[in-house]
Amino acid sequence: MNRDARILSGIQPTGKLHLGNYLGALKNWVALQDEFPHACYYCIVDLHAITAPYDPKELKTNVFDTALDFLAAGLDPDKAAIFIQSQVSEHSELAWLLNTITPIGMLERMTQYKDKKKKHVDHINAGLLNYPVLMAADILLYKATMVPVGDDQVQHLELTREIARKFNHSFGDVFPEPEPRLTRGARIMSLLAPDNKMSKSDTEKSYITLDEDPERIKNKLKKAVTDAGTSGELGPGAKNLLTIMEVVDPDAADRFAKDATEGQIRYSDLKMHLADKLGEYFAPFRERRRELAARPDTVWELLLDGTQQARRIASATFKEAKEKMGFI
Ligand code: AQP
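Each chain has its residues counted from 1, following the order in which its sequence is written. Two thresholds apply to this predicted model, a pLDDT of at least 70 for residue-level local features and 80 or more for giving and counting side-chain atom pairs, whereas whole-chain, interface and lining totals are computed over all residues. To obtain the side-chain values, all non-hydrogen atoms of the structure were used and water was disregarded.

Engineer: Whenever I open this one, the site of the ligand confuses me. Can you help?
Structural biologist: Around the ligand there are 20 residues in total, and Ile188, Lys197, Ser199, Lys200 and Ser201 lie nearest to it. In this structure, isoleucine 188 approaches the ligand through a main-chain N or O atom, which is 2.7 Å from a nitrogen atom. Relative to its unbound accessible area of 640 Å², the ligand is 93% covered by the protein chains. Secondary structure counts use DSSP, requiring at least four H or I residues in a row for a helix and at least two E residues in a row for a strand, with both numbered from the N terminus. The leading source of residues in the shell around the ligand is helix 1 (residues 19-35), at 4 residues. For the shell around the ligand, the per-class residue count stands at 5 nonpolar, 10 polar and 5 charged. Any residue with a heavy atom positioned within 4 Å of a molecule or strand is treated as near that molecule or strand. N or O atoms within 3.5 Å of each other form a polar contact, as long as, within protein, one can give a hydrogen and the other can take it, and as long as residues adjacent in sequence are counted only when both atoms are side-chain atoms. For the area figures, the Shrake-Rupley method with a 1.4 Å probe applies, and any residue is considered shielded solely by the protein chains shown. In the scheme used here, Gly and all other residues not listed as nonpolar or charged are polar, with Ala, Val, Leu, Ile, Met, Phe, Trp, Tyr, Cys and Pro taken as nonpolar and Asp, Glu, Lys and Arg as charged.

Engineer: Just to check I follow, could you spell out the domain arrangement of the chain for this structure?
Structural biologist: Think of interface size as the accessible area that goes away when the parts come together; that is how it is often given. Just so you know, the domain bounds were taken from an automatic or database domain assignment. When its domains are assigned, the chain resolves into domain 1 (7-187 + 295-324) and domain 2 (213-281). Spacing between the C-alpha centres of domain 1 and domain 2 amounts to 33 Å. By definition, residues are in contact when any of their heavy atoms lie within 4.5 Å. Facing 6 residues of domain 1, the contacting portion of domain 2 comprises 6 residues. By convention in these notes, a salt bridge is any Lys or Arg side-chain nitrogen within 4 Å of a carboxyl oxygen on Asp or Glu. Where domain 1 touches domain 2, the interface holds 0 salt bridges. Between the two partners, domain 1 and domain 2, sit 0 residue pairs in polar contact (both at pLDDT 80 or more).

Engineer: I tried to follow unusual backbone geometry on my own but got confused; where do I start?
Structural biologist: Glycine aside, negative phi is the norm for most residues, and most peptide bonds take the trans geometry. Even without a glycine there, the phi angle at histidine 38 is positive, about 65°. By secondary structure assignment, the location of histidine 38 is in the loop between helix 1 and strand 2 (40-44). With a phi close to 50°, lysine 143 is a non-glycine residue in the positive phi region. Relative to the helices and strands, lysine 143 is located in the loop between helix 7 (126-141) and strand 4 (146-149).

Engineer: Would you mind going over the pairing of strand 2 with me for this structure?
Structural biologist: Sheet faces and side chains relate simply in a regular strand, where the side chains alternate between the two faces. When a residue's accessible area, from a 1.4 Å probe over protein chains only, is under 20% of the maximum for its type it is buried; when over 50% it is exposed; and in between it is partly exposed. Within strand 2, 5 of the 5 residues are buried, which leaves it mostly tucked inside the rest of the structure. Between any two strands, at least two bridges found by DSSP are needed for them to pair. Note that strand 1 (residues 7-11) and strand 2 share 5 bridges and pair parallel. From the neighbouring strand, isoleucine 7 faces strand 2, where its bridge partner is cysteine 40. Here strand 2 runs beside strand 3 (residues 80-84); their pairing, made up of 5 bridges, is parallel. Bridging from a neighbouring strand, cysteine 40 pairs with alanine 80 of strand 3.

Engineer: Hey, could you run me through the packing of helix 7 against helix 8 (residues 154-171) in this one?
Structural biologist: Any two packed helices are characterised by how steeply their axes cross, that is the angle between the axes, and by the distance between the axes. The angle between two axes is taken between their N-to-C directions and runs from 0 to 180 degrees, where each axis is a line fitted to C-alpha atoms and a helix contributes only its stretch in contact. At their nearest, the axes of helix 7 and helix 8 sit 9 Å apart, and the two run at 65° to each other. Accordingly, the angle class assigned to the pair helix 7 and helix 8 is roughly perpendicular. At the point where helix 7 passes helix 8, the crossing takes the right-handed sense. Packed against helix 7, whose contacting residues are Tyr131, Pro132, Met135, Ala136, Ile139 and Leu140, the element helix 8 presents His156, Leu157, Leu159, Thr160, Ile163 and Ala164 at the interface. Residues that form the contact of helix 7 with helix 8 fall into these classes: 10 nonpolar, 2 polar and no charged. Working rule for angles: under 35 degrees goes down as roughly parallel, over 145 as roughly antiparallel, 65 to 115 as roughly perpendicular, anything else as oblique. The sense of a crossing depends on the near helix, which, turned anticlockwise from the far helix by less than a right angle, makes the crossing left-handed and, turned clockwise, makes it right-handed.

Engineer: Just to check I follow, could you spell out the pattern of salt bridges for this structure?
Structural biologist: It is possible for side chains bearing opposite charge to pair when their charged atoms get close. Tallying each qualifying case throughout the model produces 22 salt bridges. Salt-bridge contacts for aspartate 65 lead to arginine 289; the nearest nitrogen and oxygen are separated by 3.0 Å. Linking aspartate 65 in helix 3 (residues 56-72) with arginine 289 in helix 13 (residues 283-293), this pair joins segments that are 224 residues apart in sequence. Judged by relative accessible area, arginine 289 falls into the buried class, the value being 7%. Across the pair glutamate 212 and arginine 216 runs a salt bridge, and its minimum N-O distance is 2.8 Å.

Engineer: Help me understand helix 13, please; the structure alone is not making it clear to me.
Structural biologist: Three or four residues apart is the spacing at which side chains of an α-helix point the same way, because the helix has 3.6 residues per turn. Three or more residues of helix 13 are buried, namely Phe285, Arg286, Arg289 and Leu292. Within helix 13, the buried residues cover an arc of 130° as seen down the axis, which keeps them to one side. Looking at the buried side of helix 13, the elements it contacts are helix 3, helix 9 (214-222), helix 12 (267-281) and helix 14 (296-324). When we speak of the arc, we mean the arc of directions from the helix axis to the C-beta atoms.

Engineer: Is there a simple way to explain empty space enclosed by the protein in this structure?
Structural biologist: One water molecule sets the probe size; rolling that probe over the atoms shows where empty space is left. Using a 1 Å grid laid over the protein atoms alone, points where a 1.4 Å probe fits but cannot get out form a cavity; open sets with protein on both sides within 12 Å along at least 5 of 7 lines form a pocket; any residue with an atom within 4 Å of a point counts as lining. Grid points are joined across faces, edges and corners, and a volume is the space filled by probe spheres set on the points. Counted under the stated rule, the structure contains 1 cavity of 30 Å³ or more. Gln112, Tyr113, Lys116, Leu128, Tyr131, Pro132 and His156 together form the lining of the largest cavity. Those elements that place two or more of their residues in the lining of the largest cavity are helix 6 (111-119) and helix 7. Split by residue class, the lining of the largest cavity holds 4 nonpolar, 2 polar and 1 charged.

Engineer: When you look at the nonpolar core in this model, what are you seeing that I'm missing?
Structural biologist: Grouped together as the largest cluster of nonpolar side chains are 60 residues, with contacts concentrated most on Leu26, Tyr42, Phe70, Leu221 and Leu278. Once you skip the residues sitting within four places of it in the chain, tyrosine 42 turns out to touch Ile7, Ser9, Trp29, Leu32, Gln33, Phe70, Leu75, Ala80, Ala81, Ile82 and Phe83. With 42 residues, the next largest nonpolar core counts Leu8, Val147, Val149 and Phe175 among its residues. Put simply, buried Ala, Val, Leu, Ile, Met, Phe, Trp, Tyr and Cys residues joined by side-chain atoms within 4.5 Å make one nonpolar core.

Engineer: Sorry if this is basic, but what is going on with the packing of aromatic side chains here?
Structural biologist: The description of an aromatic ring pair rests on the distance of the ring centres and on the angle between the ring planes. Aromatic rings from Phe, Tyr and Trp, with only the six-membered ring used for Trp, were paired whenever their centres fell within 6.5 Å, and each pair was classed as stacked if the ring planes differed by under 30 degrees, edge-to-face if by over 60, and tilted otherwise. Applying the stated criterion to the full structure yields 10 aromatic pairs. With a centroid separation of 5.3 Å and 25° between ring planes, the pair formed by tyrosine 41 and tyrosine 142 is classed as stacked. Placement of tyrosine 41 in strand 2 and of tyrosine 142 in the loop between helix 7 and strand 4 is noted, with a sequence separation of 101 residues between them. In this structure tyrosine 41 comes out as buried when scored by relative accessible area, which is 8%. Ring geometry for phenylalanine 167 and phenylalanine 171: centres 5.0 Å apart, planes at 55°, overall tilted. One end of the pair, phenylalanine 167, and the other, phenylalanine 171, are both in helix 8, 4 residues apart, so they sit about a helical turn from each other. Here phenylalanine 167 falls in the buried class, since its relative accessible area comes to 1%. Using a relative accessible area of 28% as the deciding quantity, one classes phenylalanine 171 as partly exposed.

Here it is in structure tokens:
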């Protein structure tokens, strides 16, 4: 085991977590906390969440929901620090310092920025542009060596590495360059528009939350798009359902894939089998989540404890960075 490993990752509290968040992030986080106990920092990135239009009345509920999802999915506060980004003020403070060494051109080239600009045409704010700088601050504050990411975040991580290099070169060594730990094959697509990724900010019918009631899972899957692809291949919607099936019932995924190559796949069978298996797979999750939701004080205390652990490291690194930059 690499004893110097430190891992940082975050998820925005923009609603209940869905299958994409689980298969692309959370599931991997749980494995990492077991592989590297006491070296993982998992953060609810509420400062990032406010870069898109949001309702202030819902922010706290969304943070709480995300914490419930983290804990019910198996994140263990005895092994990993789980905390709220905005409660550790060094995140926004370091982001400001890093802003001053980040070229605007680089930020404008980020794919996520370009996508979000199209999605939120009436809300193109400086925070959206500087989103990756705050993400760099999240990572560098903990001197993270490894960041579990999906394909969509690799570009941001490369920027973080460039910012670290530039800082170290200009002011002196403070930040290690973090390596990506790629989650493979886990890009889950929207049920209704399977060329786009599953996303919390899309219509509710396009995603399945982790605590979704089995009846609702069935109804959502019934309406999932499974148009045939070109030249007799499976279309993106059906492929997406098979990707999810591989997690909850790998044997059935093989069977349905074979049926597909023989031109005998029945999409309604695929959907109903997947609905049953998803309902079973997440039954323990739903149970744990219900139990935790009934003990809000415990959940907030766990977050406070995680925040205190995070603050200890964040404040030491921030002091180091400020001193190198000439602040008293
Ligand atoms: N569809 C997906 N497939 C695989 N991984 C996904 N992730 C998100 N969607 C998928 C992974 O989840 C982590 C955190 O996501 P986030 O909430 O911080 O931001 P996001 O990627 O923008 O997620 P959403 O659901 O699309 O949120 P909104 O709609 O609020 O923007 C990341 O590791 C991401 O790769």
